[in-house]
Amino acid sequence: MESLRKSSNIFVNSTGSYQEKQTCFLLPPKINSLGLTKFFVEGQEDDDMLGYLMPNIQLQMTVIFFITQAFHFGLKRLGFSALISQILAGIIFSPVIFKSNISKNLFTKESLEPFGIISVIGFQFFMFLSGVKSDVNMLKSLGRKVWSIGSLSVFLPLLLGLGVLQVKTDRETSFFVNYAAATSYSMTSFPVIVTLLTELKLLNSELGRLGLSTAQVSDVFSLFLIFFMSVLKVISQNNNGREDIFIIVGFIVFVVGIVKPALHSLVQKLRNGMPMKDIYIYLIMSLFLGSVFLSHYYGQSAIYAPYIIGLAVPSGPPLGSALVEKFEVVSGLFLPLFVTTCGMRFDLVETKFTAAISIPAAVAIVVITLSKFLICFVSHLYFWKLPKSNAAAFALVMCSRGVVELAFYTFLGDQEIIKDESFVFMLFMVVLFSGLIPLFVTYLYNPTKSYAGNHMRSLTHSDSNSELQIISCIHAPGDVTAVIRLLDASCGGDSSIAVTVLHHMKLVAQSTPIFISHRKERQILCEYIYSVNVINLFNEFEQNSRGSVSVNAVTAVSPPMLMHGDIYTVAVDKLASLIIIPFHIRWWKQDGTVESEDHALRELNCRVLENAPCSVAILVDRCHNIPRKPVNKDNELSLTYDVAMIFLGGKDDREALSFAIRMAEDTRVRLSVVHLLGPNNSVSGGNEGVKIDCLDFESTHDYMAMRDVKEREYIAYREVVSEDAAATASIVKSMVDEHELIIVGRRNMENDIPQTAGLKEWCEYPELGDLGDLILSNETRSTSSLFVVQKQQQKNALN
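Only a predicted model underlies this, so the values are computations on that prediction, with no experimental measurement involved. (Residues numbered from 1 in each chain as written. Predicted model: local features only at pLDDT ≥ 70, side-chain atom pairs only at ≥ 80, totals over all residues. Heavy atoms only, no water.)

Engineer: Which parts of the structure should I look at to understand the overall build of the chain?
Structural biologist: What the chain contains, in helices and strands, is 28 helices and 13 strands. Taken across its 799 residues, the chain has 56% of its residues classed as buried. A separation threshold of at least 6 residues defines the contact pool for the chain, and within that pool the share at least 24 residues apart is 80%. Entry remark: accessible area of the chain is about 36100 Å², with carbon and sulfur atoms responsible for 58%. (Helix = DSSP H or I, 4+ residues; strand = E, 2+ residues; numbered from the N terminus. Buried < 20%, exposed > 50% of the residue type's maximum accessible area, 1.4 Å probe, protein only. Contact = heavy atoms within 4.5 Å. Areas by Shrake-Rupley, 256 points an atom, 1.4 Å probe, with all protein chains shown as cover.)

Right, dumping it as structure tokens:
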């Protein structure tokens, strides 16, 4: 029997090469076993269960997935990616660990070829779907800086590495071999960068957006280098080079000139109402499979032909999302098998390392990696003038290696373009880079540091006569009406309001997050029709407000787990004082039943409350009780807004009071402030207020805030003593139905006060605070909308 190393060449060659091997197989092959009954009950010992192809492959997949998940279960806690676990699983089955038993019993020579074919198909689907998720149109909007960095980070390392290889290698090594090796070292793969940033949860951060943009440009030039390598290969190895080159060029022209325009035209018709048919999916899959066959037929790598077909498909709904939804499970299931089979080729036992090959490869990799790192590091500092740690993290991201480079090295090894020792060395570099780079990037770059800064951005610290910057988050159509009604009741004072409407949309079948600013001075062609309705409603509200409100609409398309990054970015950019986020339970009927509950939105709200760079408010809309401001000014006095503010004390309550006072400046708003006092406080009934300890910082500020409220004649103020939580619940229940909107502070404090003692144990929604949760409880049966405010948490508090 052949060794594992020799047998492994059978399935690895499925990436594109065909070598003549003399291997004996049993024909016809034994596919399905006789069943467990024949082996264990009837005791047929003449047949081996693993001698049948199907049980053997199924057992191989089971063992590989079990070992991979076991490795990943432990390594992910240390910050390592799944790729490391998959490669380590392959090394376990390589001759380094097991040389005879595993090769003889589990990985038989009859099963290696079909197992390898399955794994390669998984990788080809991965490349195809990576192309589908990539938005080629984004390249048009990239600036010169990104194009400069992306091109220099590929071409300059290539030239330096090629020069080193030409000098260090012997004269027998052809220029094509050195060029192929230098290309494999200097290339940058966009799918690998996307995978890395996704695992680090930096996809829509400042580093992530810049890394994705630069990686897209670098990926374009890497494809050009690979195309040139294919041409050199045809010229150096094939007498009929002109015909093969014509086929390669013709394939690219066909995809760019015919397939891409046809698919874009199809997508436009689908968005205009034409029904989606399965025949469209079948045609695209035929193109994908045809590109794989064409690559094998002409002796080229079947790595990038599916990727090019995928790039021709418009990303996102309706066509791209349909493809990803149908076939992503194939990639996710079989791609780990491909990485594991590559790891099985890590043979340190039989591989003979020579100085003539190892030293030039090591020097070339060091030169190329350092040059790529320095180009990205220096250009990041020069163009964007950001901290050195951010520049270093960006440079490390651009130097990362992953499954695409691993497949490319495998192809070069199968074609015997590089020697076995070069392949083992490259595989080791992939493990080293993919293992260390995520750890270094996590250490160097923390986006929350720039979000939760030392600058105070809150309502109490903003000038009452200046323009108030508010960020309003929209997730569903019902959020629009609720926010407009709240803002309409808040814009009647002397100071104006600047609202940035951030419409969140889930990233579907795309790799790159999208951030669109819908500026009024220029028309933006937005493919997201749902955002158009949101923008039109807010623009109509701005026109009816007659200058008291200015609206700027932004659409952010990103994964739900990363949406908080978009909120932070806009809040920092706009110097916002308040972020309004919708409650995760919507359309709460008067009978207390819930129509929709979004758990992903609740997780998002909790993350925003934790690290927001300014104050945050959760808006709970119930029954649309706040009427919209009439356009006809003659009817203004006939409508009133009944708003109540329940004050307990603390920074969150003072922040909520600031917003309530701004609302009360509108003559249509009727504000009532209820100060709930503990049993140890006394009520004077006059303007002297509550007796306080002047040495208590919080109590002093509470006293000053209440004194300011009493001086405003248009605010109804009363003090009520509450001995315990039961008394507070009774007071709240008696007043909620009398008002259309209740404003409270979140009061996210550790120590309980007598008025709310014990409520925390029964709190169902901690993000609303004890009092907010009480108002929303079934016992209260409130029909009033709720506005819960939390003051900005300072950076030192977060740490």
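And the narrative resumes.
Engineer: What is the right way to read the environment of Ile 579 from this model?
Structural biologist: If you trace the backbone, Ile 579 turns up in strand 5 (residues 578-582). Relative accessible area serves as the criterion here: at 0%, Ile 579 is assigned to the buried category. Each C-alpha atom, one on Ile 579 and one on Ser 458, is 9.8 Å from the other, the two residues being 121 residues apart in sequence. Leave out the neighbours within four places in its chain, and Ile 579 touches Ile 471, Cys 473, Ile 567, Ala 571, Ala 612, Cys 614, Ser 615, Val 616 and Ala 617.

Engineer: I keep staring at helix 23 (residues 599-611) and nothing clicks. Help me out?
Structural biologist: Over its 13 residues, helix 23 runs 19 Å from end to end, which matches the ideal 18 Å to within 8%, given 1.5 Å per residue. Turning to helix 23, its buried residues number three or more, namely Leu 601, Leu 604, Asn 605, Arg 607, Val 608, Leu 609 and Asn 611. One side-chain oxygen at the N-terminal end of helix 23 lies 3.1 Å from the backbone nitrogen of Ala 600; it belongs to Asp 598. (Expected span 1.5 Å × (residues − 1). Polar contact = N/O pair within 3.5 Å; in protein donor to acceptor, adjacent residues only side chain to side chain.)

Engineer: Explanation requested: the side chain of Ser 458 in the structure shown.
Structural biologist: Mapped onto the elements, Ser 458 comes out in the loop between helix 19 (448-451) and strand 1 (468-474). Residue Ser 458 is classed as buried on the basis of its relative accessible area, which comes to 2%. Engagement of the side chain of Ser 458 in a polar contact is seen with the side chain of Thr 460, the distance being 3.3 Å. Once you skip the residues sitting within four places of it in the chain, Ser 458 turns out to touch Ser 577, Ser 615, Glu 655 and Lys 791.

Engineer: Can you walk me through the packing of aromatic side chains in this structure?
Structural biologist: For the structure on display, the rule yields 16 aromatic pairs. Residues Tyr 179 and Phe 228 carry aromatic rings whose centres are separated by 5.4 Å and whose planes lie at 80° to one another, so their mutual orientation is edge-to-face. One end of the pair, Tyr 179, is in helix 8 (residues 175-186); the other, Phe 228, is in helix 10 (residues 206-237), and 49 residues separate them in sequence. Considering the side-chain rings of Tyr 304 and Tyr 307, the 6.3 Å spacing of their centres and the 75° angle between planes classify their relative orientation as edge-to-face. Taken together, the positions of Tyr 304 and Tyr 307, both in helix 13 (residues 304-312) and three residues apart, correspond to about one turn of that helix. The same class applies to Tyr 304 as to Tyr 307, namely buried. Ring pairing ties together the aromatic residues Phe 125, Phe 128, Phe 288 and Phe 327, which thus form one cluster. (Phe/Tyr/Trp six-rings, centres within 6.5 Å; stacked < 30°, edge-to-face > 60°.)

Engineer: What is the right way to read the nonpolar core from this model?
Structural biologist: Across soluble globular proteins, you tend to see nonpolar side chains buried next to one another. In this structure, Phe 123, Tyr 304, Val 403 and Val 441 are the most contacted members of the largest nonpolar core, which totals 93 residues. Per-element accounting of this core gives the leading share, eleven residues, to helix 10. Three or more residues apiece are contributed to this core by two domains, here domain 1 (58-241 + 334-447) and domain 2 (455-590 + 598-620). With residues near it in sequence (within four places) discarded, Val 403 still touches Leu 83, Phe 123, Phe 126, Val 192, Leu 335, Phe 338 and Val 339. Counting residues in hydrophobic clusters, the runner-up holds 47 residues, among them Ala 556, Val 570, Leu 676 and Leu 759. (Core = buried A, V, L, I, M, F, W, Y, C linked by side-chain atoms within 4.5 Å. Domains from an automatic or database assignment.)

Engineer: What exactly am I supposed to notice about a nonpolar patch on the surface here?
Structural biologist: A surface patch of nonpolar side chains, about 350 Å² in accessible area, is lined by Phe 428, Leu 432, Leu 436 and Phe 440. With respect to the element layout, Phe 440 can be found in helix 18 (residues 420-444). Since its relative accessible area comes to 45%, Phe 440 is described here as partly exposed. (Patch = residues over 30% accessible without salt bridge, like charges linked within 9 Å, V, L, I, M, F, W, Y side chains within 5 Å. Salt bridge = Lys/Arg side-chain N within 4 Å of Asp/Glu carboxyl O.)

Engineer: Help me understand the pairing of strand 8 (residues 615-620) in this model?
Structural biologist: Residues in a regular strand point their side chains to alternate faces of the sheet. Within strand 8, six of the six residues are buried, leaving the element largely enclosed by the surrounding structure. Judged by which residues are buried, strand 8 turns out to be covered on both faces: Ser 615, Ala 617 and Leu 619 on one side and Val 616, Ile 618 and Val 620 on the other are all buried. By the bridge criterion, five bridges tie strand 5 to strand 8 in an arrangement that is parallel. Bridge pairing in strand 8 links Pro 582 to Leu 619. Judged from the five bridges that link them, strand 8 and strand 13 (residues 785-790) form a sheet pairing that is antiparallel. (Pairing = 2+ DSSP bridges.)

Engineer: Just checking my understanding: could you explain the confidence of the model for the chain for this structure?
Structural biologist: Predicted coordinates in regions of low pLDDT should not be interpreted in detail. Per-residue pLDDT for the chain has a mean of 82; in total, 82% of the residues score no lower than 70. Here residues 521-527 is a poorly scored stretch, pLDDT under 50, and it has eight contacts once near neighbours within four places are set aside; other chains count. (pLDDT = per-residue confidence, 0-100.)

Engineer: In this structure, what is going on with the pattern of salt bridges? I would like to understand it.
Structural biologist: In a structure, side chains of opposite charge can pair up when their charged atoms sit close to one another. Enumeration according to the criterion identifies nine salt bridges in this entry. A salt bridge links Arg 670 to Asp 642; the shortest N-O distance between them is 2.5 Å. Of this pair, Arg 670 sits in strand 10 (residues 669-677) while Asp 642 sits in strand 9 (residues 641-647), and the two are 28 residues apart along the sequence. Exposure remark for Arg 670: the relative accessible area of 48% places this residue in the partly exposed category.

Engineer: It is not clear to me how the sheet that holds strand 10 should be interpreted in this structure. Could you clarify?
Structural biologist: The strand order across the open sheet formed by eleven strands is 3-4-2-1-5-8-13-12-9-10-11, and the pairing between neighbours is mixed. For this open sheet the edge positions go to strand 3 (514-518) and strand 11 (715-721), each flanked by a neighbour on one side alone. Ignoring which end each strand starts from, the neighbouring axes of this sheet average 20° apart. Sheet topology places strand 3 next to strand 4 (residues 549-558); five bridges connect them, and they run antiparallel. Following the sheet pairing, Ile 514 is matched in strand 4 by Val 557. Each of strand 1, strand 2 (497-506), strand 3, strand 4 and strand 5 touches helix 22 (residues 563-574); the most contacted strand, strand 2, lies at about 160° to it. (Axes fitted to C-alpha atoms, helices over the stretch in contact; angles between N-to-C directions.)

Engineer: Whenever I open this one, unusual backbone geometry confuses me. Can you help?
Structural biologist: Peptide bonds are trans in most cases, and residues, glycine excluded, mostly fall at negative phi. Note the cis peptide between Pro 317 and Pro 318, where omega equals 5°. Along the polypeptide, Pro 318 turns up in the loop between helix 13 and helix 14 (319-343). Residues other than glycine seldom take positive phi values, yet Lys 201 does so here, at roughly 60°. Locating Lys 201 in the fold gives a position in the loop between helix 9 (190-199) and helix 10. Using a relative accessible area of 55% as the deciding quantity, one classes Lys 201 as exposed. Phi is positive for Leu 575, which is not a glycine, with a value near 55°. With respect to the helices and strands, the residue Leu 575 is situated in the loop between helix 22 and strand 5.

Engineer: Just to check I follow, could you spell out the packing of helix 15 (residues 355-384) against helix 16 (residues 388-398) for this structure?
Structural biologist: Packed helix pairs are characterised by how far apart their axes lie and by the angle those axes make with each other. Close contact between helix 15 and helix 16 brings their axes to 8 Å; oriented N to C, the two are set at 140°. Here helix 15 and helix 16 pass one another in a crossing that is right-handed. Residues Lys 372, Phe 373, Cys 376, Phe 377, His 380 and Leu 381 of helix 15 form the contact with helix 16, whose own contacting residues are Lys 388, Asn 390, Ala 391, Ala 392, Phe 394, Ala 395, Leu 396 and Met 398. In the contact of helix 15 with helix 16, the residues fall into ten nonpolar, two polar and two charged. (Left-handed = near helix turned anticlockwise from the far one by under 90°. Nonpolar A, V, L, I, M, F, W, Y, C, P; charged D, E, K, R; others polar.)

Engineer: Help me understand helix 27 (residues 769-776), please; the structure alone is not making it clear to me.
Structural biologist: Think of an α-helix as 3.6 residues a turn; residues three or four steps apart then line up on the same face. Counting buried residues along helix 27, eight of its eight residues qualify, which places the element largely inside the surrounding structure. Those residues of helix 27 lying buried are Gly 769, Asp 770, Leu 771, Gly 772, Asp 773, Leu 774, Ile 775 and Leu 776. Packed against the buried residues of helix 27 are strand 8, strand 9, helix 26 (725-735), strand 12 (741-745) and strand 13.

Engineer: In this structure, what is going on with the packing of helix 14 against helix 17 (residues 403-414)? I would like to understand it.
Structural biologist: The contact between helix 14 and helix 17 brings their axes to 11 Å, and the two run at 50°. Accordingly, the angle class assigned to the pair helix 14 and helix 17 is oblique. Of the two possible hands of crossing, helix 14 and helix 17 adopt the one that is left-handed. On helix 17, the residues touching Leu 335, Phe 338, Val 339 and Cys 342 of helix 14 are Val 403, Leu 406, Ala 407 and Thr 410. (Parallel < 35°, antiparallel > 145°, perpendicular 65-115°, else oblique.)

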